[in-house]
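Residue-level structure breakdown
Chain by chain, the residues run as shown.
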Amino acid sequence: INTVVIDKFNNIWIGAKTGLFKLKDNILYPQTFSNKASANNIEFIISDEDKNLWIGTLDGVYVLLSKQVELSSCSFLNTIHFGKSDGFENLEANQNSCYVDHNKNIWMGMSDKLYQIKPKFLSDKISYISPFLKIQHVDSYLKPIFNINKKELIFKENKNYTTFNYKTTDLNSP
């Protein structure tokens, strides 16, 4: 066992070289949040002021948002990952090297240096902008439907063979 923490919901979380576990009613439940083997080596766990759980691994840092922390009875957890694309040069977290300061900044000791994550950075990562989607044209039985500017297209039950072309742009990663 590398680390143990009690979160703001009184859940007991255990981080080990073999993964993340939640202790509830004297039963140890394995928790999965990544398919990468290097993410199974948990070096630190800390709960912040917003009740999020920060999990330091050999694959960077994962954040389990408070809503999932509270409801986490499932075995696969939906997390936010901080890695090389977020400025981490080295992904290897150091054991028990995480701290939340009075401004809600998260300080993490990784194998190469000390990193600071400001609360706004987390909210920017959470507030994902939906991709832009534009329908170019719609066909029914290979015949064009010309008025696709309607908000709703209604087809007769015997006219249900429909194809369409579209363009999309992911505004978070254009």
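No experiment lies behind these values; they were computed from the predicted model shown. (Residues numbered from 1 in each chain as written. Predicted model: local features only at pLDDT ≥ 70, side-chain atom pairs only at ≥ 80, totals over all residues. Heavy atoms only, no water.)

Turning our eyes to something else, we now look at the nonpolar core. Membership of the largest hydrophobic core comes to 18 residues, with the highest contact counts inside it found for W54, V61, F82, F88 and M108. For this core, the elements supplying multiple residues, two or more each, are strand 5 (42-47), strand 7 (60-64), strand 8 (80-82), strand 9 (93-100), strand 10 (106-110) and strand 11 (114-117). Each residue touching V61, except ones within four places of it in the same chain, is listed here: F44, W54, I55, G56, I80, H81, F82, F88, M108 and M110. Within the second largest apolar cluster, 13 residues are counted, among which are V5, L20, F33 and L77. (Core = buried A, V, L, I, M, F, W, Y, C linked by side-chain atoms within 4.5 Å. Buried < 20%, exposed > 50% of the residue type's maximum accessible area, 1.4 Å probe, protein only. Helix = DSSP H or I, 4+ residues; strand = E, 2+ residues; numbered from the N terminus. Contact = heavy atoms within 4.5 Å.)

Okay, the packing of aromatic side chains next. Summed over the entire model, instances satisfying the criterion amount to three aromatic pairs. Seen from their ring centres, W54 and F82 are 5.7 Å apart, and the 25° between their planes marks the pair as stacked. Note that W54 is positioned in strand 6 (residues 53-57) and F82 in strand 8, a separation of 28 residues in sequence. On the basis of relative accessibility, which here comes to 1%, the residue W54 falls in the buried class. Here F82 falls in the buried class, since its relative accessible area comes to 0%. Seen in terms of ring centroids, F88 and Y115 are 4.5 Å apart; in terms of plane orientation they differ by 25°. Their pairing is stacked. Of this pair, F88 sits in the loop between strand 8 and strand 9 while Y115 sits in strand 11; the two residues are 27 residues apart in sequence, bridging distant segments of the chain. Residue F88 is classed as buried on the basis of its relative accessible area, which comes to 4%. (Phe/Tyr/Trp six-rings, centres within 6.5 Å; stacked < 30°, edge-to-face > 60°.)

This part takes up the pairing of strand 5. For strand 5, the tally of buried residues reaches six of six residues, placing the bulk of the element in the interior. Sheet topology note: the strand 5/strand 6 ladder contains five bridges and is antiparallel. The residue of strand 6 that forms the bridge with F44 is G56. Hairpin connection of strand 5 to strand 6: five residues between the antiparallel strands, including K51 at a positive phi of 70°. (Pairing = 2+ DSSP bridges.)

Counted under the stated rule, the structure contains three salt bridges. For K36, the salt bridge identified is with D59, shortest N-O distance 3.7 Å. Highlighted residues: K36 in the loop between strand 4 (27-31) and strand 5 and D59 in the loop between strand 6 and strand 7, separated in sequence by 23 residues. On the basis of relative accessibility, which here comes to 5%, the residue D59 falls in the buried class. (Salt bridge = Lys/Arg side-chain N within 4 Å of Asp/Glu carboxyl O.)

With that settled, the discussion passes to the sheet that holds strand 10. Taking strand neighbours across the sheet as the criterion, the three strands line up as 9-10-11 in an open arrangement whose pairing is antiparallel. Two strands close off the open sheet at either side, each with one partner strand: strand 9 and strand 11. Here the strands of the sheet are splayed against their neighbours by 20° on average, with no regard to which way each runs. Inspection of the sheet shows strand 9 paired to strand 10 by four bridges, in the antiparallel sense. If you follow C98 over to strand 10, its bridge partner there is M108. (Axes fitted to C-alpha atoms, helices over the stretch in contact; angles between N-to-C directions.)

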